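# Reading the structure
Single-letter residue listing:
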Amino acid sequence: MTAAREYLTGEAKVIPIESAPSWGAEGTTGAAAEPGPGTEAFADRLAQRVGALLAGRLGSAAESTLGKGWEDRAANGLAFLRRRITGDYEVDEFGFDRELTEEVFLSLLRPLAEKYFRIEVRGIENIPAEGGALVVANHSGTVPLDALMTQVAIHDHHPNRRHLRMLAADLVFLLPAVGELARKAGHTLACNEDAQALLERGEVVGVWPEGFKGIGKPFADRYKLQRFGRGGFVASALRAQVPIVPCSIVGAEETYPMLGNAKTLARLLGLPYVPITPTFPWLGPLGAIPLPTKWTIQFGEPIRTDGHPVEAAEDPMLVFNLTDEVRETIQHTLYKLLVDRRSVFF
């Protein structure tokens, strides 16, 4: 960062960038790639050159254009770039890259949450300050934006800036690029083993039990919860002895009102559905823009599981009852939020 700051302020000479060095071995799960010979020197020169270009092009107009503190922001950005090139960052065994998630993914999603959907977050205090917790939410909206917006809401509104580790369907990890990005953002396959491992490590884990039945339901069935499956998420919470936090999301249903489903095309593409909405496919790529609905995300009071023994996870009746309790809590809260809502868009 020192070199970058010097070149942003014009206090150092520009060093020519040499040809790019070897980048080292390919990265593996659980650790960043080892930098190859000369990588750090190349990264320093790259940061210096970019910093010099910024300082030279912007000059004295930089502060009026970019605002106060632009040098610090630019230097931080160049330092981030250097760490990515040299491999000076960490990922956990699930592939979670905390720095990339905070600096890139959440930064890209934040304007959508704050400015476009204007999300109101309630009950964030119900997510514990530390230790494991299982967030269970309703799923809707044709495109799973609700899961991404919940991730932003928890990180930005929780006092401890906690990260939501989502359990995603198999299809997510089969899609080119999407699966790798999902791993980098901290998410993993929706299976009991991964869920329990994350919960026992003290992570906040998110699950949307309705799956594709929830996000792919017709608009006429909006805010009517679909089946929650066999309650595998409850069994994982019981084994890890962590609280279950019901989460109710209002506003996502109207982002892409699903009026129909091109089932034949969906089968050909191997997709659970191909939506037909008021704007898609009629407006082409513009039809992919979500409607600017006003959202509310409410986290309910935690349902404790530590009052039951770990073996209770093998009791199908208890698991069913707790699953039903979570589902009914979310459904009741949805109805209440809908009654209080004055407008879909305002």
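Please refer to the structure higher up on the page.
Residues numbered from 1 in each chain as written. Predicted model: local features only at pLDDT ≥ 70, side-chain atom pairs only at ≥ 80, totals over all residues. Heavy atoms only, no water.

## Digging into the overall build of the protein chain
If you tally the helices and strands in the protein chain, you get 13 helices and 9 strands. Looking at the 346 residues of the protein chain, the share that counts as buried comes to 45%. Considering only contacts in the protein chain between residues 6 or more positions apart, those separated by 24 or more positions represent 75%. A total of about 17,700 Å² of accessible surface is found on the protein chain, and carbon and sulfur atoms cover 57% of it. (Helix = DSSP H or I, 4+ residues; strand = E, 2+ residues; numbered from the N terminus. Buried < 20%, exposed > 50% of the residue type's maximum accessible area, 1.4 Å probe, protein only. Contact = heavy atoms within 4.5 Å. Areas by Shrake-Rupley, 256 points an atom, 1.4 Å probe, with all protein chains shown as cover.)

## Focus on the sheet that holds strand β1 (residues 120-122)
Strand order across the open sheet formed by 7 strands is β1-β9-β6-β2-β5-β3-β4, with mixed pairing between neighbours. Strand pairing shows two members of the sheet lacking a second neighbour, β1 and β4 (188-189), which therefore form its edges. As paired elements, strand β6 (residues 244-250) and strand β9 (residues 296-299) share 4 bridges and run antiparallel to each other. Across the sheet, residue I249 finds its bridge partner in β9, namely I297. Across the sheet, helix α11 (residues 232-240) is in contact with β2 (133-137), β5 (204-207) and β6; its angle to β2 comes to roughly 165 degrees. (Pairing = 2+ DSSP bridges. Axes fitted to C-alpha atoms, helices over the stretch in contact; angles between N-to-C directions.)

## Quick word on empty space enclosed by the protein
Where empty space is left becomes clear once a probe the size of a water molecule has been rolled over the atoms. One pass over the structure, following the stated rule, counts 1 cavity of 30 Å³ or more. Of the pockets and cavities examined, the largest cavity occupies roughly 40 Å³. Contributing to the lining of the largest cavity are G141, T142, I215, K217, P218, F219, E253, Y256, P257 and M258. (1 Å grid on protein atoms, 1.4 Å probe; cavity = no way out; pocket = protein on both sides within 12 Å on 5 of 7 lines; lining within 4 Å. Points joined across faces, edges and corners; volume = space filled by probe spheres on them.)

## Side note on unusual backbone geometry
Residue P281 is reached from F280 by a cis peptide bond, and omega for that bond is 5 degrees. Note on placement: P281 falls in the loop between β8 (275-276) and β9. For T142, which is not glycine, the phi torsion reads 70 degrees and is therefore positive. Positionally, T142 belongs in the loop between β2 and α6 (145-157).

## Comments concerning the environment of M258
Secondary-structure assignment places M258 in the loop between β6 and β7 (260-261). What makes M258 buried here is its relative accessible area of 5%. As a C-alpha pair, M258 and G216 span 42 residues in sequence and 7.6 Å in three-dimensional space. Setting aside anything within four residues of it in sequence, one finds M258 in contact with T142, G216, K217, P218, F219, Y273, P275, I276 and T277.

## What to know about the packing of α11 against helix α13 (residues 316-340)
Put simply, α11 and α13 touch, their axes get as near as 9 Å, and they point 110 degrees apart. For the element pair α11 / α13, the angle class is roughly perpendicular. Together, F233, V234 and L238 of α11 and L318, V319, L322 and T323 of α13 make up the contact between the two elements. The class makeup of the residues in the contact of α11 with α13 is 6 nonpolar, 1 polar and no charged. (Parallel < 35°, antiparallel > 145°, perpendicular 65-115°, else oblique. Nonpolar A, V, L, I, M, F, W, Y, C, P; charged D, E, K, R; others polar.)

## Topic: helix α9 (residues 192-200)
Turning to α9, its buried residues are D194, A195, Q196, L198 and L199. As for α9, its buried residues are in contact with β2, β3 (164-168), β4, β5 and α11.

## Overview of helix α5 (residues 98-116)
An ideal rise of 1.5 Å per residue puts 27 Å on 19 residues; α5 measures up with 25 Å between its terminal C-alpha atoms. The largest bend in α5 amounts to roughly 45 degrees and is located at L106. If you check which residues of α5 are buried, you get E99, L100, T101, F105, L106, L109, R110 and A113. The first or second residue beyond α5 is R118, which carries a positive phi of 50 degrees. (Expected span 1.5 Å × (residues − 1). Bend = angle between axes of the 7 residues up to and from the residue.)

## Observations regarding the pattern of salt bridges
Within this structure, the stated rule accounts for 13 salt bridges. The closest approach of N and O atoms between D156 and R110, which form a salt bridge, is 2.6 Å. Taken together, the positions of D156 in helix α6 and R110 in helix α5 put the pair 46 residues apart, joining distant regions of the chain. Given a relative accessible area of 19%, R110 falls into the buried group. Connected through shared salt-bridge partners, D92, E93, R165, R201 and E203 make up one network. (Salt bridge = Lys/Arg side-chain N within 4 Å of Asp/Glu carboxyl O.)

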